[in-house]
Amino acid sequence: MPESAVARLEAALARLEETEPFIGAYVDVDRDGAFAAAQRADDAGSGSPLTGRPFGVKEVISVAGLPAAGGSAAFSDHVPTRDAAVVDRLRRAGAVLVGTHVSHELTCGLDEPPTRNPWAPDSYPGGSSAGGGASVSVGSAAFALGTDAAGSVRIPAAMTGVVGLKPTAGLVSAGGVVRHATAPSIDNVGILARTVRDVSAVLEVIAGPDPADAATLWQTSDVGAAVSAGGSGSLDGRRLGIVGDSTRAALDARTPPERVVWSAFDAACEVLAQLGATLVPVELPALATAPDAVFTFFASELAAAHRRLLEDRAAGYHPRVLEMLVGALSIPSSQVTEAVAFRRSLRHEVAETFAAAELTMLTTPTTPRVAMPLATFDPATELGTLIPYTCPFNLTGQPAVSLPCGFTGGVPIGLQMVGLPFDDAALLSVAAAFEQATTWHTYRPEVP
């Protein structure tokens, strides 16, 4: 007999009580609302794979009646009156909202939030969707929603040992993501969960056109197949790209990687080859330049939302965030024009490479580094060292997923897979095949 929604919620809340003093993943917990929703789900009976599943959302995604400050004291008074589109769809599918998760202030990654890595409390949990990754890792949520403008779902997934998906741009509605904590042209609502199957089930519910987000009206993907991702586990006939020597050298020159990351990646590639995939080295030199363009888009678009707010709310911003926003208001139009041109060029280069090499997908490490010690962590200088492999695909709009592929020193290592636009189901199928052939996703941190 399936576990009841109330029983699932009680287990998640019990885990929350046990782990929150150690990891600090939640901002607000709506116990009364969650129990009411769980009872309704039990009364209605089984309706979808998500019925009764407890979840949380990053505190930049609107939940009616709960603050959505985006981690900033400057917006502590912002309490939405309506759910974001994705929250509404999940509730309708019977999922049970537990509460909101910690975010870096305004998703900038310039402060140090209270969330700690459940695998090593003295290490960084990833950002800016830190709370979601940590919560899913310890089981105080079955899944979580975050946002990803440069890797902010995939990086915490890698560092907390869970699966994190950035869907194709335009596949999932951003309606109800608060404007003061987003850069619309590169940001995406993403999913964190323990397995590829769980991510796929969530994607099936939240994907699709939404009149509140015009970008979704162009989506053409049938994500129904994603929920059964994995199939037989065979990757026969799949051609998976890996970055060639020149591209890797350019990426390494920008951010020197830790050797253990590439060792885990090489081992993961061996598994993919054993499953029948053909690994194809490809050169994409523009990947190494992507962080510059991403910073331009992120800073200029985020700052635009604060132009009329900075003077009245200045005291509430973290000093580094305020400095970034003020500086971003002076970014010259020529710099933005260059970033737009680079994005167009990168999209063309990646699309041509996929077509010429007949690739199903591209695979890389998720991050050049594993979780770094918080004692020496400086967000302003170190966050940029985590995004070189993730942020290019916020520019191209392609779907990308991170999944566990190893450990070092007790902390997880992530493997990134990047698919063709609006072929999220195929991407998740390959990811599920790797997951089924390995055991990395079965490990759980011992907290407390």
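A brief report on the enclosed structure follows.

Cut-off values and rules
Residues numbered from 1 in each chain as written. Predicted model: local features only at pLDDT ≥ 70, side-chain atom pairs only at ≥ 80, totals over all residues. Heavy atoms only, no water. Salt bridge = Lys/Arg side-chain N within 4 Å of Asp/Glu carboxyl O. Helix = DSSP H or I, 4+ residues; strand = E, 2+ residues; numbered from the N terminus. Buried < 20%, exposed > 50% of the residue type's maximum accessible area, 1.4 Å probe, protein only. Lys, Arg positive; Asp, Glu negative; His and termini not counted. Polar contact = N/O pair within 3.5 Å; in protein donor to acceptor, adjacent residues only side chain to side chain. Contact = heavy atoms within 4.5 Å. Phe/Tyr/Trp six-rings, centres within 6.5 Å; stacked < 30°, edge-to-face > 60°. Lys NZ or Arg CZ within 6 Å of the ring centre and 35° of its normal. Core = buried A, V, L, I, M, F, W, Y, C linked by side-chain atoms within 4.5 Å. Pairing = 2+ DSSP bridges. Axes fitted to C-alpha atoms, helices over the stretch in contact; angles between N-to-C directions. Parallel < 35°, antiparallel > 145°, perpendicular 65-115°, else oblique. Left-handed = near helix turned anticlockwise from the far one by under 90°. Nonpolar A, V, L, I, M, F, W, Y, C, P; charged D, E, K, R; others polar. Disulfide = S-S within 2.5 Å.

**Some words on the pattern of salt bridges**
On inspection of all chains with the given rule, the structure shows 12 salt bridges. Two residues, Arg-15 and Glu-18, come together in a salt bridge whose shortest N-O distance is 2.9 Å. One end of the pair, Arg-15, and the other, Glu-18, are both in helix α1 (residues 5-23), 3 residues apart, so they sit about a helical turn from each other. Here Glu-18 falls in the partly exposed class, since its relative accessible area comes to 40%. For Arg-154, the salt bridge is made with Asp-148, and the minimal N-O distance between the two is 2.9 Å. Of the two residues examined, Arg-154 and Asp-148, each falls in the buried class.

**Structural notes on the side chain of Glu-105**
Within the element layout of this structure, Glu-105 appears in the loop between β3 (96-101) and α4 (130-138). Buried charge without a salt bridge: Glu-105, with Arg-313 as the nearest opposite-charge side chain at an N-O distance of 10 Å. A distance of 3.0 Å separates the side chain of Glu-105 from the side chain of Ser-72, its partner in a polar contact. Within the structure, Glu-105 has its side chain in polar contact with the backbone nitrogen of His-318 (distance 3.0 Å). Ignoring anything within four residues of it in the chain, the contact list for Glu-105 reads Gly-70, Gly-71, Ser-72, Asp-111, Gly-316, Tyr-317, His-318 and Val-321.

**Some thoughts on the packing of aromatic side chains**
Scanning the entire structure with this criterion turns up 9 aromatic pairs. Each member of the aromatic cluster is reached from another via a ring pair, and the members are Trp-119, Phe-407, Trp-440 and Tyr-443. Across the ring face of Trp-262, the terminal group of Arg-248 is positioned such that the distance to the ring centre comes to 3.8 Å. Lying across the ring of Phe-297, Arg-343 places its NZ or CZ 4.0 Å from the centre.

**Observations concerning the nonpolar core**
Core analysis: the biggest nonpolar cluster contains 123 residues, and Ile-61 and Met-417 have the highest contact counts within it. Residue contacts for Ile-61: discarding those within four places in its chain leaves Ala-84, Val-86, Val-87, Leu-145, Gly-146, Thr-147, Gly-176, Val-177 and Val-189. If you look at the next biggest cluster of nonpolar residues, it comprises 18 residues, including Val-6, Val-98, Ala-141 and Val-447.

**Structural notes on the sheet that holds β3**
Working definition: the strands of a sheet are paired by backbone hydrogen bonds and lie parallel or antiparallel to each other. The 11 strands lie next to each other as β1-β3-β2-β4-β6-β5-β10-β11-β9-β7-β8, forming an open sheet whose pairing is mixed. Each of the sheet's edge strands pairs with one partner strand only, and the pair in question is β1 (26-29) and β8 (278-282). Between one strand axis and the next, the sheet turns by 30° as a mean value, whatever way the strands run. Across 5 bridges, the pairing between strand β7 (residues 239-243) and β8 is parallel.

**As for the packing of α1 against α4**
Here α1 crosses α4 at 135°, and the two axes come no closer than 10 Å. It follows that α1 is oblique to α4 by the angle criterion. Of the two elements, α1 crosses α4, and the hand of that crossing is right-handed. Each of Arg-15, Thr-19 and Ile-23 in α1 lies in contact with α4, whose residues at this interface are Ala-134, Ser-135 and Val-138. Residues of the contact of α1 with α4, tallied by class, amount to 3 nonpolar, 2 polar and 1 charged.

**Section: the state of the cysteines**
When the sulfur atoms of two cysteines share a covalent bond, that bond is a disulfide. Counted under the stated rule, the structure contains 0 disulfides. Here Cys-391 stays unpaired: no disulfide links it, and the sulfur of Cys-108, its closest cysteine neighbor, is 16 Å away. Cys-269 provides the cysteine sulfur closest to Cys-405, a residue in no disulfide bond, and the two sulfurs are 9.1 Å apart. Residue classification places Cys-405 among the buried residues on the basis of a relative accessible area of 5%.

**Describing the environment of Glu-352**
Following the sequence through the fold, Glu-352 ends up in helix α12 (residues 333-356). Given the relative accessible area of 47%, Glu-352 is considered partly exposed. Residues Glu-352 and Leu-165, spaced 187 residues apart in sequence, show a C-alpha to C-alpha distance of 24 Å.

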